[in-house]
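Each chain, written out:
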Amino acid sequence: MIKEEKKLAEQVIRGNRLAIARAMTLIENEKKDYTYLLDIIHSKIGRAYRLGITGPPGVGKSTLTNKIAKILRQQELLVGIVAVDPTSPFTGGALLGDRIRMGDLTLDKGVYIRSMATRGKSGGLARKATEVADVLDAAGYDFIIYETVGVGQIELDIADAADSTIVMFVPEGGDIIQGLKSGLMEIGDIFIVNKADRPGADRMEKDLDYVLHLREATRIWNPKVLKTIAYKGHGVSEVWQEIQTHKNYMIKEHVLEKKREMRLRIRIKTLIQENLDAQFWNKERETLLKNYLKNKKKILSPYKLANQMMYELKGCV
Ligand SMILES: Nc1nc2c(ncn2[C@@H]2O[C@H](COP(=O)(O)OP(=O)(O)OP(=O)(O)O)[C@@H](O)[C@H]2O)c(=O)[nH]1
Ligand SMILES: [Mg+2]
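Computed from a prediction, not measured in an experiment: that's the story for all the values here.

Let us now look at the overall build of the protein. Scanning the protein from terminus to terminus reveals 14 helices and 7 strands. For the protein, contacts bridging at least 24 residues in sequence account for 76% of all contacts bridging at least 6. When the accessible surface of the protein is totalled, it reaches about 17100 Å², and 55% of it is carbon and sulfur.

The magnesium ion (ligand 2) binds to the protein through Ser-62 (OG) and Glu-147 (OE); the donor distances cover 2.1 to 2.2 Å. Remark: Glu-147 occurs in strand 4 (residues 143-149) and Ser-62 occurs in helix 4 (residues 61-74); sequence separation between them is 85 residues. Both residues of the pair, Ser-62 and Glu-147, count as buried.

Here we take up the packing of aromatic side chains. Applying the stated criterion to the full structure yields 6 aromatic pairs. Members of the aromatic cluster, connected to one another through ring pairs, are Tyr-49, Phe-143 and Trp-240. Over the face of the ring belonging to Phe-280 we find Arg-285, whose NZ or CZ atom lies 4.0 Å from the ring centre.

Formed by 34 residues in total, the largest nonpolar core has its most connected members in Ile-20, Val-82, Val-135, Leu-136 and Tyr-146. At the level of secondary structure, the elements contributing two or more residues to this core comprise helix 1 (2-13), helix 2 (17-28), helix 3 (34-41), strand 2 (79-85), strand 3 (111-117), helix 6 (125-138), strand 4 and helix 7 (153-161). Summarising the domain contributions, this core has at least three residues from each of domain 1 (1-42) and domain 2 (45-254). Residues in contact with Leu-136, not counting those within four places in the same chain, are Ile-20, Met-24, Gly-80, Val-82, Tyr-112, Tyr-141 and Ile-144. Formed by 31 residues, the second largest nonpolar core is a distinct cluster that contains Ile-113, Ile-145, Trp-240 and Leu-256.

Now for the sheet that holds strand 1 (residues 49-55). The parallel open sheet is built from 7 strands, whose spatial order is 3-2-4-1-5-6-7. Of all strands in the sheet, those bounded by a partner on one side alone are strand 3 and strand 7 (224-227). Direction aside, neighbouring strands of the sheet carry axes that sit 20° apart on average. Relative to strand 4, strand 2 runs parallel, the two being bridged by 6 bridges. Paired with Val-84 across the strands is Thr-148, a residue of strand 4. Here helix 4 sits on the sheet in contact with strand 1, strand 2, strand 3, strand 4, strand 5 (164-169) and strand 6 (190-193), set at roughly 175° to strand 4.

This brings us to helix 10 (residues 201-213). An ideal rise of 1.5 Å per residue puts 18 Å on 13 residues; helix 10 measures up with 18 Å between its terminal C-alpha atoms. Considered for burial, the residues of helix 10 that qualify are Ala-201, Met-204, Leu-208, Val-211 and Leu-212. Taken end-on, helix 10 shows its buried residues confined to a sector of 100°, consistent with a single buried face. Of the exposed residues in helix 10, the ones pointing more than 90 degrees away from its buried face are Arg-203, Lys-206 and Tyr-210.

As for its position among the elements, Arg-263 is in helix 12 (residues 255-280). Residue classification places Arg-263 among the buried residues on the basis of a relative accessible area of 17%. In this structure Arg-263 touches Arg-50, Asp-160, Ala-161, Ala-162 and Asp-163, once residues within four positions along its chain are discounted.

Attention shifts here to the pairing of strand 5. Summarising burial for strand 5: 6 of the 6 residues are buried, a large majority. Here strand 5 shows a buried face lined by Ser-164, Ile-166 and Met-168 and a second buried face lined by Thr-165, Val-167 and Phe-169. Inspection of the sheet shows strand 1 paired to strand 5 by 4 bridges, in the parallel sense. Its bridge partner being in strand 5, Gly-52 is matched across the sheet by Thr-165. Alignment of strand 5 against strand 6, held across 4 bridges, turns out to be parallel. Bridged to Val-167 within strand 6 is Phe-191.

What follows is about the pattern of salt bridges. Pairing between side chains becomes possible if they bear opposite charge and their charged atoms approach one another. Scanning the model with the defined rule gives 17 salt bridges in all. A salt bridge links Glu-30 to Lys-128, with the nearest nitrogen and oxygen atoms 3.1 Å apart. Residue Glu-30 is located in the loop between helix 2 and helix 3, and its partner Lys-128 is located in helix 6; the two are separated by 98 residues in the primary sequence. Overall, the relative accessible area of 37% leaves Glu-30 in the partly exposed class. The exposure class assigned to Lys-128 is buried, which follows from its relative accessible area of 8%. What emerges from the salt-bridge pattern is a single network uniting Glu-30, Arg-50, Lys-128, Glu-131, Asp-134, Asp-137 and Arg-267.

Conventions used here
- Residues numbered from 1 in each chain as written.
- Chains lettered and ligands numbered in written order.
- Predicted model: local features only at pLDDT ≥ 70, side-chain atom pairs only at ≥ 80, totals over all residues.
- Heavy atoms only, no water.
- Helix = DSSP H or I, 4+ residues; strand = E, 2+ residues; numbered from the N terminus.
- Contact = heavy atoms within 4.5 Å.
- Areas by Shrake-Rupley, 256 points an atom, 1.4 Å probe, with all protein chains shown as cover.
- Donors = N, O, S within 2.8 Å, 3.2 Å for Na, K, Ca; no water.
- Buried < 20%, exposed > 50% of the residue type's maximum accessible area, 1.4 Å probe, protein only.
- Phe/Tyr/Trp six-rings, centres within 6.5 Å; stacked < 30°, edge-to-face > 60°.
- Lys NZ or Arg CZ within 6 Å of the ring centre and 35° of its normal.
- Core = buried A, V, L, I, M, F, W, Y, C linked by side-chain atoms within 4.5 Å.
- Domains from an automatic or database assignment.
- Pairing = 2+ DSSP bridges.
- Axes fitted to C-alpha atoms, helices over the stretch in contact; angles between N-to-C directions.
- Expected span 1.5 Å × (residues − 1).
- Arc of directions from axis to C-beta.
- Salt bridge = Lys/Arg side-chain N within 4 Å of Asp/Glu carboxyl O.

The following block contains the structure:
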C-alpha cells in the first residue's frame, strides 16, 4: 500500500493530472495511508500563492475566479481552483454548476478545477481544502484560488488557509450587516462590490469604506474597496493589481512568512488534539460516560468527572 502511495506522490510531483485527481480523492475519503502521501509531497509545498474568494451565494465568485484565472494563464502560470461549497451535499470531481460557469477554463490543461462539499462534517472541510491545495502546490501549480460560499464558519477557516482573501458583495444592501455579524469584514484583504451594473454600487462602496475605516488605526494593511462587473470583465485588472500589491506587502513585511508559520502551528496543534481525543475516548471511558449520565449526573459535577476520567480512571464512576 505504502509503495503505491509513494508512486502516486511521485506522479503528483511530476504534475500528472490523473495522479492529482486520485490523490485528491484519497484525501477527501481519508483512505488509509493518505497521510503518507502528504508526508512525501510536503517538501514540495510552499511555492504556490493561495487566494481565497468568498461572498454570499451568487455574488459572482466563480465569474471573477474565471477572469483572474485567465489573467494568470496569459502569463503562462498554472492555476488551481478549489471550489468549496459547504451548502452542497455533492462532492468529488467538479460540480456541474461550476463546470458550466468556469466554461472554457475546463478545457485548458494549465487549469485544474476541483469542487469539494461537506459530507456532513464542515469542521474538516477547510483542512481538506488545504490538503487538496497542497497537492496542486506540490504538482507545480503557481496560483491556487479557493472559492468559498460565505455562509458560516467555513469561509473564515478558508481565509486562514489563504495568503490573500477577497470578500465580495453585491450592491443591494443588507449583506454588509450580515458581513459584520459573520466576521467577513475581518478576513478581507480586498473588498469587491460586484454587479456594479446594478443600482446602489456607489452607495455600497461608500458604506463598506466607512465600516473598514472605523477600525483602521491599528492596521498596517488597509483593505481597498473595488467595484467590478465581473461577467463583463470590468474592474478585473484593478483587482489583479490589488492582489499583487497585497502579495508584495505580505512578502516585504514578512507577514506571509508569519501567516504560513501560524497556519502550520495550528495544523500541528489540531492534529495532536484530534489524536489525543481519539486515544482518550476508548471503550472504557465511553462506558464510564454512559454510566455517569445514567446514574451519577446528579451527584458528581462534570468537572469532577472530567478530572477523575483524566487522572484516576479506575473506579471513578
Ligand atoms: N448583473 C451582473 N451579473 C453578474 C455579474 N457577475 C456575475 N454575474 C452573474 O451572476 C450569476 C452568479 O454568478 P457566479 O459567478 O456563479 O456566482 P457565485 O458567487 O460563484 O455563485 P455560487 O457559487 O453559487 O455561490 C451568474 O449568472 C453570473 O453571470 C455582474 O457583474 N453583473
Ligand atoms: Mg460559484
